[in-house]
Amino acid sequence: MRILIFSGRTAKEILRDPLNLGFGLGFPLVLIFLLSAIQANIPVSLFEIGSLTPGITVFGLSFMTLFSATLLAKDRESAFLQRLYTTPLSAPDFIFGYALPVLPIALAQGAVCYVAAILLGLPVTLTILYAVLFLCPVSLFFIALGLLFGSALGVKQVGGICGALLTNLTAWLSGVWFDLDLVGGIFRKIANVLPFVHAVEMERAVLNGDFSGIFPHVWWVLGYAAAAVALAVYFFLRQMKRQ
Amino acid sequence: MDAIKAEHLTKKYKDLTVVDGLDLAVREGELFSLLGVNGAGKTTTIKMLSCLTKPTGGDAYLLGNSIVSNTAEVKKSIGVSPQETAIAPNLTVRENLEFMCGLHGFSREKRKQKTADLAERLGLAQVLGKKAEKLSGGYQRRLSIAMALIGEPKILFLDEPTLGLDVLARSDLWDVIRLLKGKITMILTTHYMEEA
């Protein structure tokens, strides 16, 4: 019950911030429409709607890290968390209360991107539903990163690291904007040991109905998600103890 | 009866002693002020008494419960209004109060009753529907104190409650504090001589 109450507050704080809605929902939609317009004039296979949309949905999830990290860092800096530590809330209440409400927001963001893609010509198939569901582990990874950064950094640092660095890393190393093979070398190697490109490839495979194609990408995504959750719990408990 | 009894309460951060063997006794219903310059250890003392940080030496008993070995019982009897405003900015005043009611496990019915009661007592009734971030500093402090009172605490800690407020807002807030005097035990910190 307390988790639900705490989750409700988390959702309200995130959804009532117009900047969050602008970045979280508006920006990915603008990208889909903009890159589709480019594709219409100068055809590039990477920007075909069936290839572009899975990439944009994964890129959009990087904003979930920013949202959850900013909220947690603000709660720490304003001593709101300190106040809550004197209530009957337990550590799992806090962790689930911060993380759970962001998951439906993330899935809703993905769903809106796919609706926009349908309007731009993506055929309506059941695989779209699966593609949205497969965003769950990717979302979990980004949300956990948010808890990790929000536990360890201040609001200003969160803005720089999650708002600028992570979103750019997700964009460059995911193969959404350009084919990673075109760059090759060390860049491609780095991209391959990070989860972003695997998340995009997994989403593309699911959307295209190629379920054998989700391997090995799904293992990378699940592995990174598990590691991020473990680290997030550790860092959250550490800051809780320090308070 | 003593509501608070501290015995040689000590807090050290490596070589720095922040609170050095504090002994104090506060009787039930008393309004007790901790006066000191910035860095004197007032906030650390409050943090230790409210179980937010563990003492490195000594102990304190709140209504007979140790802050070292019986923190769960201590937390049931206290309310804390931290130095920073510590409110949920995008929630309305009503939502902030109902949120705290929910965390304390009150029924929907009691939440509404409690919210209306505290809003009336602390002069928040006219701003119940306003977002907390849009309130003036004085109203934000009142909201912060109201949130600390939700759990019906027997002991209330107010850390620098008037810090940063203008003269009128300070005077209004003191009216609120006087209103609570005698009903619950209060410990407040301040660095204003006239407030202590």
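For the structure, see preceding data.
Figured I'd write up the structure that's included with this text. (Residues numbered from 1 in each chain as written. Chains lettered and ligands numbered in written order. Predicted model: local features only at pLDDT ≥ 70, side-chain atom pairs only at ≥ 80, totals over all residues. Heavy atoms only, no water.)

**Observations concerning the overall build of chain B**
Per the secondary structure count, chain B includes six helices and eight strands. Each of the three principal axes of chain B carries a C-alpha extent, and together these read 45 × 35 × 30 Å. Counting only residues that meet the buried cut, chain B has 52% of its 196 residues in that class. Carbon and sulfur atoms form 49% of the exposed surface of chain B, whose accessible area is close to 8900 Å². Looking at charge distribution, chain B has the averaged site of its 27 positive side-chain charges lying 5 Å from that of its 24 negative ones. (Helix = DSSP H or I, 4+ residues; strand = E, 2+ residues; numbered from the N terminus. Buried < 20%, exposed > 50% of the residue type's maximum accessible area, 1.4 Å probe, protein only. Areas by Shrake-Rupley, 256 points an atom, 1.4 Å probe, with all protein chains shown as cover. Lys, Arg positive; Asp, Glu negative; His and termini not counted. Charge placed at Lys NZ, Arg CZ, Asp CG, Glu CD.)

**Overview of the sheet that holds strand β2 (residues 16-27) of chain B**
Sheet strands line up and pair through hydrogen bonds in the backbone, either parallel or antiparallel. All names here are of chain B. Judged by pairing direction, the sheet is antiparallel, and its four strands sit side by side in the order β2-β1-β4-β5 without closing on themselves. Two strands in the sheet have a free side with no partner beyond their single neighbour: β2 and β5 (65-66). Across five bridges, strand β1 (residues 2-13) lies against strand β4 (residues 57-62) in antiparallel orientation. Bridge pairing links K5 to Y61 in β4. (Pairing = 2+ DSSP bridges.)

**Focus: empty space enclosed by the protein**
This structure, assessed with the given rule, holds three cavities of 30 Å³ or more. As for the largest cavity, its lining consists of R83, T86 and T87 of chain A together with I78, G79, V80, M100, H104, M147, A148 and G151 of chain B. Elements supplying a minimum of two residues to the lining of the largest cavity: β6 (78-81) and α5 (137-149) of chain B. Per-element tally for the lining of the largest cavity: the top contributor is β6 of chain B, with three residues. Its residues assigned to classes, the lining of the largest cavity comprises five nonpolar, five polar and one charged. (1 Å grid on protein atoms, 1.4 Å probe; cavity = no way out; pocket = protein on both sides within 12 Å on 5 of 7 lines; lining within 4 Å. Points joined across faces, edges and corners; volume = space filled by probe spheres on them. Nonpolar A, V, L, I, M, F, W, Y, C, P; charged D, E, K, R; others polar.)

**Brief notes about the interface of chain B and chain A**
Across the contact, 30 residues belong to chain B and 22 residues belong to chain A. In this assembly, chain B and chain A are joined by two salt bridges. Between E95 of chain B and R16 of chain A there is a salt bridge; the shortest N-O distance is 2.6 Å. For the side of chain B that touches chain A, the secondary structure elements donating two or more residues are β6, α3 (93-103) and α5 of chain B. Considering each element in turn, the side of chain B that touches chain A owes the most residues, six residues, to α3 of chain B. (Contact = heavy atoms within 4.5 Å. Salt bridge = Lys/Arg side-chain N within 4 Å of Asp/Glu carboxyl O.)

**Section: the nonpolar core**
Counting residues in each nonpolar core, the largest one holds 115 residues, and the members touching the most others are L84 of chain A together with F99, L143 and L156 of chain B. Among the elements that make up this core, the one with the highest residue count is helix α3 (residues 49-77) of chain A (14 residues). Those residues within four positions of F99 of chain B in sequence are excluded, and the remaining contacts are I5, F6, R9, F80 and L84 of chain A together with L91 of chain B. In terms of nonpolar packing, the next biggest core, distinct from the first, is built from 22 residues, I4, A6, L34 and C51 of chain B among them. (Core = buried A, V, L, I, M, F, W, Y, C linked by side-chain atoms within 4.5 Å.)

**Comments concerning the environment of C101 of chain B**
Residue and element names in this part refer to chain B. Counting through the fold element by element, C101 comes out in helix α3. Under the relative-accessibility criterion, C101 is labelled buried at 0%. C101 sits 48 residues away from L149 along the chain, and the two C-alpha atoms are 9.9 Å apart. Setting aside residues up to four positions removed in sequence, C101 forms contacts with F106, R111, K114, T115 and I150.

**Observations regarding unusual backbone geometry**
Of the consecutive residues F215 of chain A and P216 of chain A, the connecting peptide bond is found in the cis state with omega at 0°. Here P216 of chain A shows up in the loop between α12 (195-207) and α13 (217-242). Non-glycine residue C51 of chain B carries a positive phi angle of around 65°. Looking at the secondary structure, you find C51 of chain B in the loop between α1 (42-49) and β4. Unlike most non-glycine residues, A86 of chain B shows phi in positive territory, near 55°.

**Describing a nonpolar patch on the surface**
Residue and element names in this part refer to chain A. On the surface, a nonpolar cluster with roughly 420 Å² of combined accessible area is contributed by V30, L34, I38, I42 and V44. With respect to the helices and strands, the residue L34 is situated in helix α2 (residues 18-41). Residue L34 is classed as partly exposed on the basis of its relative accessible area, which comes to 49%. (Patch = residues over 30% accessible without salt bridge, like charges linked within 9 Å, V, L, I, M, F, W, Y side chains within 5 Å.)

**Points about the packing of aromatic side chains**
Taken as a whole and judged by the stated rule, the model has 21 aromatic pairs over all chains. A ring pair is formed by F27 of chain A and F63 of chain A, whose centres lie 5.9 Å apart and whose planes are at 85°; its orientation type is edge-to-face. Remark: F63 of chain A occurs in helix α3 and F27 of chain A occurs in helix α2; sequence separation between them is 36 residues. Given the relative accessible area of 34%, F27 of chain A is considered partly exposed. Here the aromatic rings of F80 of chain A and F99 of chain B are separated by 6.1 Å at their centres, their planes lie at 20°, and the arrangement is stacked. Note that F80 of chain A is positioned in helix α4 (residues 80-85) and F99 of chain B in helix α3, a pairing that runs across two chains. Overall, F80 of chain A belongs to the buried group, its relative accessible area being 0%. (Phe/Tyr/Trp six-rings, centres within 6.5 Å; stacked < 30°, edge-to-face > 60°.)

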